[in-house]
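Coordinate analysis (summary)
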Amino acid sequence: MLEKLLSSYIFESFQIPVWTLLLATICLIWMWNSGRKNENSSEKVEDQKSTELPITNENVIELHANSRQKITKKRKIKIFFGTQTGNAKMLADNLCREATERGHEAEVLDLKTYDPEDNLVTEGENGVWVVLFISTYTDGTPPEGSEWFCKWLEESSTDFRIPKALLKELHYAVFGLGNSLYTENYNAVGKKVDRFFRELSAKPILPVGLGDENVAESLKGGMEKDFTAWKKEFWKKSKKVKDNDTVVTDTCGTGKKTCDGKCKCKEDGGKCSSEEEEEEEEGEDLYETTTEEEDNAEELLNEDGDGSSLQTTNGVVDLEDLGKVMQTMKKAKVRRKKEESAQSTGEPREMVTPMLKKALEKQGYRLIGSHSGVKLCRWTKSMLRGRGGCYKHAFYGIESHRCMETTPSLACANKCVFCWRHHTNPVGTEWRWKMDDANTVFQGALDNHVGLIKQFKGVPGVKAERFAEGLEPQHCALSLVGEPIMYPEINKFIELLHGKGISSFLVTNAQFPDAISNLVPVTQLYVSIDASTKESLRKIDRPLFKDFWERFIDSLKALSAKRQRTVYRLTLVKA
Ligand SMILES: Cc1cc2nc3c(=O)[nH]c(=O)nc-3n(C[C@H](O)[C@H](O)[C@H](O)COP(=O)(O)O)c2cc1C
Ligand code: SF4
């Protein structure tokens, strides 16, 4: 019916036969279809091109930002950690995650559960790479559970019956965790382990990395930054490791070994592999060259740096020595330039690093600025619920639900064995960090404390009246963690508290006698007495100061000279 209508209409209007129209439509459909087929087949050719690359299951392709392709060998990587408080494990996990994302087969292992005697030699033979994260503890000792690994390495490297080439097949990398405030034993374990590996002929993927918790002194600005820089270098260097199976490809696509600068990557605005090589060399100063070595190197060279003052016993300059000296000099210059530029900006670093911030927030701290914190005390929570308060309630009638626990300095100068801050907090012997002013710390502490109290609204058992009172704190316990009197504006902070009618209870750890003398009167001043002899104080508080005992005695003297309420707070530790 429709056909009839259509044909009569078209025929009558344009005098065109219906079959001509049908033929034209079929032609159009055919042309459109064949166009699509061509598109698909050209996609297939592209696919074929990429699969034609010499890729085996062993390899992974890394696509670079400018679409150049490199083939890197997929590795088996065992990432070990030796830790006391978890930092080394955290870094090991981080590297493992990244290794997996890059297509490597990686696993994290605790040194506690690993026997090097049975396994380490075979790791090398099986082409497994070993990466080790290890911290240093009191007097330069390894963390708990890592002693056997370190002992075995040391003994093997010094035992004349064990071949010096024992680990010659093994590729390894070491990252030490430490704190440069322990000057004599700074990263002692990481450095030693690296040396033992080398003495047993293991092949370093890159020089030992030294992570420094001391943000003020650290080369890159703290443990995480040191690690990030080392990790970047690790991936760069790992691409350069060549063994029999490594696939080496021409990154320029020109087929030439050296690039003439006219290659595709240049046209695309990318970089030639030759340029990348240069960039990679920049990272060299991340590693250990001691200042002493650098100074010696400088002494060996004259002012012009041409080495003409370098003499050997027979008066001939050894070119190899000169090369080494020049290299060390170069590192010294880079280091100095960096130090100078850091100093010239005049910007001290922040005390709390992002990693630490995360760890503290997980423990329930609210951080204020870059060095202060508040946390709700368990007695505050208890009293909000109408239950009992802390000893200050029993002794002095202080209501725990109206008490704010805070610290203007998360850092202190000890590493007390009983400290509940899990040794994650910063340490220092003087204030060398960026400082937030007293107003910021004061207002931040109040706001955050009130914020924490508000979380108890409607919680079963919380008394409405106590909740309302809790929103207006009347007491401040400066005893959270860290050393409050390290904060340069502590006096102003206390005045701000008193100005708001908030009483102050300050606990100091007896290592800063001058600060005690200079402190404005507080409501109650406490000194922690953690031990009764020099030796036991050294063991219990693990102080950073060498003259910790003199400081302790002087602090007690300074306390007795104060004309105010003072308290000796005895810390009892279960043996
Ligand atoms: C009691 C104690 C002693 C320490 N002694 C040293 C030391 O002698 N040398 C050093 O470089 N770091 C020392 N440190 C710093 C630790 O190595 C650093 O905190 C590291 O991040 C800990 O890593 P971990 O959590 O993996 O054990 C010490 C830390 C503590 C708590
Ligand atoms: S002084 Fe206080 S904050 Fe510092 S380690 Fe000792 S208990 Fe912890």
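Residues numbered from 1 in each chain as written. Chains lettered and ligands numbered in written order. Predicted model: local features only at pLDDT ≥ 70, side-chain atom pairs only at ≥ 80, totals over all residues. Heavy atoms only, no water.

**Notes on the overall build of the chain**
Scanning the chain from N- to C-terminus turns up 20 helices and 15 strands. Taking all 575 residues of the chain together, the buried fraction comes to 43%. (Helix = DSSP H or I, 4+ residues; strand = E, 2+ residues; numbered from the N terminus. Buried < 20%, exposed > 50% of the residue type's maximum accessible area, 1.4 Å probe, protein only.)

**Details of the sheet that holds strand E15 (residues 566–570)**
Sheets are built from strands that pair by backbone hydrogen bonding, the pairs being arranged parallel or antiparallel. The strand order across the open sheet built from 7 strands is E9-E10-E11-E12-E13-E14-E15, with neighbouring strands paired in mixed fashion. Taken across any chain shown, the strands that pair with only one partner, and hence form the sheet edges, are strand E9 (366–368) and E15. Taking the axes of each pair of neighbouring strands and ignoring which way they run, one obtains an average angle of 25 degrees across the sheet. Across the face of the sheet, helix H15 (residues 438–454) comes into contact with E9, strand E10 (372–375) and strand E11 (403–407) while running at roughly 160 degrees to E9. Strand contacts of helix H20 (residues 548–560): strand E14 (524–529) and E15, with the helix running at about 155 degrees to E14, the strand carrying the most contacts. (Pairing = 2+ DSSP bridges. Axes fitted to C-alpha atoms, helices over the stretch in contact; angles between N-to-C directions. Contact = heavy atoms within 4.5 Å.)

**Focus on the site of ligand 2**
Not every one of the 9 residues close to ligand 2 is listed here, only the nearest: Cys412, Cys416, Cys419, Gly482 and Asn509. Residues that form the shell around ligand 2 fall into these classes: 5 nonpolar, 3 polar and 1 charged. (Near = heavy atom within 4 Å. Nonpolar A, V, L, I, M, F, W, Y, C, P; charged D, E, K, R; others polar.)

**Quick notes on the site of ligand 1**
Close contacts around ligand 1 come from 23 residues, with Thr83, Gln84, Thr85, Thr136 and Glu213 the closest. Taking Thr83, its side chain carries an N or O atom lying 2.6 Å from an oxygen atom of ligand 1. Compared with its free state, where it exposes 640 Å², ligand 1 has 99% of that area covered by protein. For the shell around ligand 1, the elements supplying multiple residues, two or more each, are helix H3 (87–101) and strand E6 (171–178). Counted by class, the shell around ligand 1 contains 6 nonpolar, 14 polar and 3 charged residues. Each of domain 1 (69–248) and domain 3 (354–570) contributes no fewer than three residues to the shell around ligand 1. (Polar contact = N/O pair within 3.5 Å; in protein donor to acceptor, adjacent residues only side chain to side chain. Areas by Shrake-Rupley, 256 points an atom, 1.4 Å probe, with all protein chains shown as cover. Domains from an automatic or database assignment.)

**Let's talk about the packing of helix H5 (residues 147–158) against helix H6 (residues 188–199)**
The relative placement of two packed helices is expressed as an angle between their axes plus a distance between the axes. At a closest axis distance of 9 Å, the pairing of H5 and H6 adopts a crossing angle of 40 degrees. Classed by the angle they form, the pair H5 and H6 counts as oblique. Handedness of the H5/H6 crossing: left-handed. Where H5 approaches H6, its residues Phe149, Cys150, Leu153, Glu154 and Ser157 are matched on the opposing element by Val189, Val193, Phe196, Phe197 and Glu199. For the contact of H5 with H6, the class distribution of residues is 7 nonpolar, 1 polar and 2 charged. (Parallel < 35°, antiparallel > 145°, perpendicular 65-115°, else oblique. Left-handed = near helix turned anticlockwise from the far one by under 90°.)

**So, the pattern of salt bridges**
Scanning all chains against the criterion turns up 16 salt bridges. Across the salt bridge formed by Lys151 and Glu155, the nearest N and O atoms sit 2.7 Å from each other. With Lys151 and Glu155 both in helix H5 and 4 residues apart, this pair spans about one turn of that helix. By relative accessible area, Glu155 is classed as partly exposed at 40%. The salt bridge involving Asp159 is made with Arg161; its shortest N-O contact spans 2.8 Å. When its relative accessible area of 64% is taken as the criterion, Arg161 is described as exposed. (Salt bridge = Lys/Arg side-chain N within 4 Å of Asp/Glu carboxyl O.)

**Describing the nonpolar core**
Phe493, Ile494, Leu497, Leu506 and Leu519 are the most contacted members of the largest nonpolar core, which totals 58 residues. Within the residue set of this core, elements represented by two or more residues are helix H12 (354–362), E9, H15, strand E12 (475–478), helix H17 (490–499), E14 and H20. Considering each element in turn, this core owes the most residues, 7 residues, to H15. Setting aside chain neighbours within four positions, we find Leu506 in contact with Leu478, Pro484, Ile485, Ile490, Ile494, Leu519, Val522, Gln524, Leu525 and Tyr526. Counting 25 residues, the second largest nonpolar core, distinct from the first, contains Leu109, Leu167, Val189 and Leu200. (Core = buried A, V, L, I, M, F, W, Y, C linked by side-chain atoms within 4.5 Å.)

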